[in-house]
Amino acid sequence: MKARNRPVSIALAAAALLVLSAGGLWAQTGTAPASQTPPAAIDENALFGGPKDIVTVIDPNVAATSVVQLVEDTKTYPVFLISGTAGAGLFGNYTPVGAAPKDPQKLYGAVNLSGLEFDYLPTKSLHFSVSTDLLAVPSEILSASVGAYADLRASELVRLYAAGSFDYDPNAYLSTKTYATPTFSLDELFVDTELGKKVFFRLGKQRISWGVGYWYKPSDVLSLSAIDPDNPTAAREGPFAFKIDMPMKLNHAMLYVVPPINGDAGSFSAASKYDLVVNGWELSFAGFGRTDMLARPRGIFTFTGAIGAFDVYGENVILYGSDRTYVQESSTAPGTYETYRVENIPFVQSTLGIKYSLSKSNGLSFSAHVQGYYNGTGYADSSILQNSLARKAVQGSATYQSTDLTQAGMWYLAGSTSISGRFGEGRNLTVVTASAYALTNFSDRSVRFNPQLSVQVGDQGGRATLTLSDLTAIGALNSEYAPNGNKTTPALTLTVFDKLSLQASVPITLNTDFSVKKVQTAFSVFWNAVSY
Amino acid sequence: MVNMERRMTSKMSLVLFGLVLIFSAKAQGAPPAGGGQGGGAPMGGIGLPPGFLEQNKDYQFPDDITKYSATDFLMLVRRTDIRSSFYDSDMTATITTVSVSPDKGTFVRKEQIFRRDKDDAFLMLTLEPESRKGQGMLRVDNNMWRYDPTSRKFTHTTLKDTYENSTVRNNDFRRWQRSIDYSVEKITTGTLGNYTVIIGELKANNDEVPFPYIRMYIEKDRKIVLKVEEYSLSMKLLRTAYYTQYVQIGNSFVPTVQIFQDGLIPEKRSQVTYTDISTKPVPDYYFTKEYLERVSQ
């Protein structure tokens, strides 16, 4: 950061905040007609003592043939909406142990936009939306995430939808993933249409989420990106596909056809699935095939339901051959690596998950969730992929796919738990929650876990929220759950009255013997002066 | 040789699709009685105990409200349960919920609901805030699906699970069935504004309900619920619900203005207001996952 740029940058930041403040003129969240707003104080005589009867009789024939508007509530267009927060404050980095020349040791004035979303609806059937998170210091943007979509409907079930995003987050300040360079992506671009309200079509690039698992989804064969272990529910990139849906009451059949993407007219893949609902269980039967056989044909069976007080789910996949390009050390030239495929024997992938939750009227709540995964296409010992020469051999293979280097183990286990208690009442109502999640790949002996303690004071933590966490990864370099080796990141977040936000994290890199190799710190304090 | 193997496996995969499609077609079966779109097994039944509706039809309540027995009051609760539903038609409405929090300010949420009580089917779509538009929930009998338009993911859960990590259980989205879930402990009488009410103290007979104890205030003439106090196991008042306006359509009563007072935070309350109410038939495809996905963003 250059000193001469600082006043200009601070002025720009202030101007940005001013502009956002002015935006409050068209913020519409949090407003409602007085007739739909609860009274400031409950007076039972006022509620039930008025001159008008509390029962309004509507002619059944009128209700059966029309829509009865009971209160005046008509939305007028165009509509502008804004939501989110914007603030300014200080942001800094300091590396007290093991600092390298490239490590920042600075304190900045900074602007922080959090969940800032703009929505514009020129008519009821058209919706444009832009949302952004941004962390900027005077000399540069440290991280930014922008998402936008347009939902353009010709009718209720016929529309064009487009969504794209921009991410830049080299130090993963805003997300659980690192975006070292600015990354633009077209997330979705499709058209929806239907035939006689019986057959529905979605044509174009679209997200597809098959499977019922949480951390592991062997049946989600059409998604193009891996599951983020720290954010398993995050949206994942999907293919360009033609999708045909046929609902049959609660049951449901669908067919996907993914057209050629490499110019080879004979290269396409297809998948079909049928969901069957029986006695509170949803059973799905599916098949998948790809003409060029890069992804192997497979049959899929998934289920979700309950056994007693437990929710259970599972996915089972049988493949003829493995999708994976494997690597092994050459027997003739030790120290070098060669790749191979296994295409003529069956493989099995199977996962089972169990969830339990308990909630008492005294405010005590408890939940637990565990999922195990057997990946028959994985390596019994996937530590070979920790060798950079072996990884390069895979990446250099003619049949290389990005999935060759992810979920490469054979045995996995993941779980989460949470216990929460409520104390006090009124403005001092306090909710204390202790939670944790953990994932382990037994095949490369890497593990990742994040214990967390949260204390919320006031309604939904509106007065103060304190969160302590410690995301820790243990394993060898390039292992699945500790790609950067042993590392632990204690972090603290404190929010007061939803206005003042303090964050501090201390990423600590550890040697293989768990001695400290490097200690970094990142800290910020923001006054979220503008909120919508 | 490799090419031959690939051709074989390619054919095998096509056979696999065919099997799935044939299975789908077979499972589709005949359309339900009375027509309608699509086929498949009929939706789950209304799931009520045998005789639940019939036993209440001709029940004679005492003329003198001070003479109510526990059985009389339970049948009164059953009548309010039955009349909160539409067993002879579908029902749609738009619901606005305005929540006021001393720490979080005012939050407005608008949803559209579609009910088919004879099938115990319920669809809810979020209309506002715009940032959550398209999120939705479909429940039919013991099955519940939530849809996240961001990840395009459906989640099938049971009524035992909690709703979006909140303290609300999926079971809370079922129609009123207090006469099944509670037994009567004590009965008194009183007034609420202009209305004479019968007051019943009820105790839960299972742990599926969010409140172990409730106190119900039921208006004596039209037999509609005006107020419900909900207590914890230690009899701490957790919430009070006021049903301050109703519409009557045929034999059914819908509480169109509901005010909820939090028992732990006095300044926290919310109001649920119904509008755009109708009993027009809802197309069958509305109660499908496909509709939920298509109307979302």
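Residues numbered from 1 in each chain as written. Chains lettered and ligands numbered in written order. Predicted model: local features only at pLDDT ≥ 70, side-chain atom pairs only at ≥ 80, totals over all residues.

Q: Explanation requested: the overall build of chain A in the structure shown.
A: The number of helices and strands found in chain A is 4 helices and 26 strands. The buried share among the 532 residues of chain A stands at 33%. Across chain A, every contact between residues at least 6 apart in sequence was considered, and the portion connecting residues at least 24 apart equals 52%. (Helix = DSSP H or I, 4+ residues; strand = E, 2+ residues; numbered from the N terminus. Buried ≥ 20, exposed ≤ 12 C-beta atoms within 10 Å, placed from the backbone. Contact = placed C-beta atoms within 7 Å.)

Q: Would you explain the overall build of chain B in this entry?
A: Check the secondary structure of chain B and you find 5 helices and 13 strands. Buried residues in chain B amount to 44% of all 297 residues. Long-range contacts, defined as pairs at least 24 residues apart, comprise 44% of the intrachain contacts of chain B with a sequence gap of at least 6.

Q: I would appreciate a short explanation of the nonpolar core in the present structure.
A: Nonpolar side chains tend to gather and get buried jointly when the protein is soluble and globular. One finds Leu222, Tyr256 and Ala271 of chain A together with Leu123 and Leu138 of chain B to be the most contacted residues of the largest nonpolar core, which totals 41 residues. When residues of this core are assigned to their parent elements, the largest contribution, 5 residues, is made by strand 11 (residues 269-278) of chain A. Membership of the second largest hydrophobic core comes to 39 residues, among which are Ile198, Ile218, Tyr246 and Val257 of chain B. (Core = buried A, V, L, I, M, F, W, Y, C linked by C-beta atoms within 7 Å.)

Q: Where do I start with the interface of chain B and chain A in this structure?
A: Interfaces are often sized by the accessible area lost when the parts come together. Listed by partner, the interface residues are 99 residues for chain B and 96 residues for chain A. Here the side of chain B that touches chain A is built from residues that sort into 39 nonpolar, 42 polar and 18 charged. (Nonpolar A, V, L, I, M, F, W, Y, C, P; charged D, E, K, R; others polar.)

Q: Hey, could you run me through the pairing of strand 18 (residues 365-375) of chain A in this one?
A: Regular strands place their side chains on alternate faces of the sheet. Residue and element names in this part refer to chain A. Examined bridge by bridge, strand 17 (residues 346-359) and strand 18 share 11 bridges and lie antiparallel to one another. Following the sheet pairing, Ser350 is matched in strand 18 by Tyr374. Where strand 17 hands over to strand 18, the hairpin turn is made up of 5 residues, of which Gly363 adopts a positive phi near 100 degrees. Where strand 18 meets strand 19 (residues 411-423), 10 bridges bridge the pair, whose relative direction is antiparallel. What sits directly across from Ser367, in strand 19, is Ser418. (Pairing = 2+ DSSP bridges.)

Q: Would you take a moment to explain the confidence of the model for chain B for this structure?
A: Low pLDDT marks stretches whose predicted atomic positions should not be read closely. Residues and elements named next belong to chain B. Per-residue pLDDT for chain B averages 80, and the proportion of residues at 70 or more is 75%. In this model, residues 12-46 is a region of pLDDT below 50 whose contacts with residues beyond four sequence positions or in other chains number 75 contacts. In the model output, the complex is listed with pTM 0.85 alongside ipTM 0.83. (pLDDT = per-residue confidence, 0-100.)

Q: Looking at this structure, I do not really get helix 4 (residues 388-395) of chain A. What am I missing?
A: An α-helical turn contains 3.6 residues, so any two residues separated by three or four positions project in the same direction. Residues and elements named next belong to chain A. Burial in helix 4 covers these residues: Ala390, Ala393 and Val394. What you see down the axis of helix 4 is that its buried residues fit within an arc of 100 degrees, all on one side. Across from the buried face of helix 4, at angles greater than 90 degrees, the exposed residues are Ser388, Leu389 and Lys392. Contact partners of the buried residues in helix 4: strand 15 (326-329) and strand 16 (337-340). (Arc of directions from axis to C-beta.)

Q: Which parts of the structure should I look at to understand unusual backbone geometry?
A: For residues other than glycine, phi is negative in most cases, and the peptide bonds are mostly trans. Each neighbour pair has its own omega, and for Tyr77 of chain A with Pro78 of chain A the value is 5 degrees, a cis peptide bond. Note on placement: Pro78 of chain A falls in the loop between helix 3 (60-65) and strand 2 (79-97). For the peptide bond that leads from Glu128 of chain B to Pro129 of chain B, omega is 0 degrees, which places it in the cis range. Non-glycine residue Lys197 of chain A carries a positive phi angle of around 55 degrees. Looking at the element boundaries, Lys197 of chain A is found in the loop between strand 7 (179-195) and strand 8 (199-205). You will see that Phe514 of chain A, though not glycine, has its phi angle at about 70 degrees, which is positive. Its location among the elements puts Phe514 of chain A in the loop between strand 25 (508-510) and strand 26 (516-531). Given 10 C-beta atoms within a 10 Å radius, Phe514 of chain A is considered exposed.

Q: Would you take a moment to explain the pairing of strand 17 of chain A for this structure?
A: Summarising the sheet, strand 14 (residues 310-320) of chain A and strand 17 of chain A pair through 10 bridges and their orientation is antiparallel. Residue Asp311 of chain A lies in a different strand from strand 17 of chain A, and its bridge partner there is Lys355 of chain A.

Q: Help me understand helix 3 (residues 70-83) of chain B, please; the structure alone is not making it clear to me.
A: Spanning 14 residues, helix 3 of chain B covers 20 Å between terminal C-alpha atoms, matching the ideal 20 Å at 1.5 Å per step. Restricting attention to buried positions, one finds in helix 3 of chain B the residues Phe73, Leu76, Val77, Arg78, Arg79, Thr80, Asp81, Ile82 and Arg83 of chain B. (Expected span 1.5 Å × (residues − 1).)

Q: I would appreciate a short explanation of the environment of Tyr231 of chain B in the present structure.
A: Residues and elements named next belong to chain B. By secondary structure assignment, the location of Tyr231 is in strand 10 (residues 225-231). Taking C-alpha positions, Tyr231 is 31 Å from Met91, a pair spaced 140 residues apart along the chain. Other than its neighbours up to four places away in sequence, Tyr231 contacts Phe211, Pro212, Tyr213, Ile214, Lys236, Leu237 and Leu238.

Q: Would you explain the confidence of the model for chain A in this entry?
A: Considering every residue of chain A, the mean pLDDT works out to 89; 94% of them sit at 70 or more. Scored below 50 in pLDDT, residues 1-29 of chain A shows 36 contacts in the model against residues more than four places distant or in partner chains.

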